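Structural characterization, general
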Amino acid sequence: MPNVGDVEYKYGRVYIYTQPNAATGPGTWRPSNPDEIAGPGGGAPIVGATYDFDGVPPVVIDTTPGVGTNPTIVQTSLDFQQLGNRTT
């Protein structure tokens, strides 16, 4: 059973487990950044985005979704061992 605040990355989106009201039932997985949320004062919707970073060898990308007010962390590195031997 997940805990409130747990994060999952599936189907190209980030989901967070929440339980808005424990008295009315079990928790649910919600997109951490919904496609559309109401703007300030219920105004025009704000369109959200979930970014998917991909790397081509030797570039390695590690993405850690943010939780709450913490930002998403994207780490980029180079792994030259993936290239193989290039001697002539």
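The structure we're discussing is the one just above.
This section reports on the structure supplied with the text. It should be emphasised that the depicted structure is a prediction, and the values quoted were computed from it without experimental measurement.

Structural notes on the packing of aromatic side chains
Tallied over the full model, the rule gives one aromatic pair. When the ring of Tyr-17 is compared with that of Trp-29, the centres are 5.2 Å apart and the planes differ by 65 degrees; the resulting orientation is edge-to-face. Of this pair, Tyr-17 sits in strand β2 (residues 13-18) while Trp-29 sits in strand β3 (residues 28-31), and the two are 12 residues apart along the sequence. Classification of Tyr-17 by relative accessible area gives buried; the value is 5%. Accessibility expressed as a relative area gives 34% for Trp-29, which makes it partly exposed.

What to know about the pairing of β2
Where strand β1 (residues 7-10) lies against β2, four bridges are found, and the strand directions are antiparallel. If you follow Lys-10 over to β2, its bridge partner there is Arg-13. Turn length for the β1-β2 hairpin, with the two strands adjacent in sequence and antiparallel, is two residues, and the turn residue Tyr-11 shows positive phi of about 55 degrees. Sheet topology places β2 next to β3; four bridges connect them, and they run antiparallel. Counterpart to Tyr-15 in the pairing with β3 is Pro-31.

Section: the sheet that holds β1
One open sheet holds the three strands; their spatial order is β1-β2-β3, and the pairing between them is antiparallel. Edge positions in the sheet fall to β1 and β3, since each of these pairs with one other strand and no more. Taken pair by pair, the neighbouring strands of this sheet meet at an average axis angle of 35 degrees, ignoring direction.

Points about unusual backbone geometry
Here the residue pair Pro-57 and Pro-58 is connected by a cis peptide bond, since its omega of 15 degrees sits within 30 degrees of zero. Here Pro-58 is to be found in the loop between β5 (46-47) and β6 (59-64).

With respect to the environment of Thr-28
With respect to the helices, strands and loops of the structure, Thr-28 is situated in strand β3. Its relative accessible area of 33% is what places Thr-28 among the partly exposed residues. Separated by 12 residues in sequence, Thr-28 and Ile-16 have C-alpha atoms that sit 8.3 Å apart. Setting aside anything within four residues of it in sequence, one finds Thr-28 in contact with Ile-16, Tyr-17 and Thr-18.

Procedures and definitions
Residues numbered from 1 in each chain as written. Predicted model: local features only at pLDDT ≥ 70, side-chain atom pairs only at ≥ 80, totals over all residues. Heavy atoms only, no water. Phe/Tyr/Trp six-rings, centres within 6.5 Å; stacked < 30°, edge-to-face > 60°. Helix = DSSP H or I, 4+ residues; strand = E, 2+ residues; numbered from the N terminus. Buried < 20%, exposed > 50% of the residue type's maximum accessible area, 1.4 Å probe, protein only. Pairing = 2+ DSSP bridges. Axes fitted to C-alpha atoms, helices over the stretch in contact; angles between N-to-C directions. Contact = heavy atoms within 4.5 Å.

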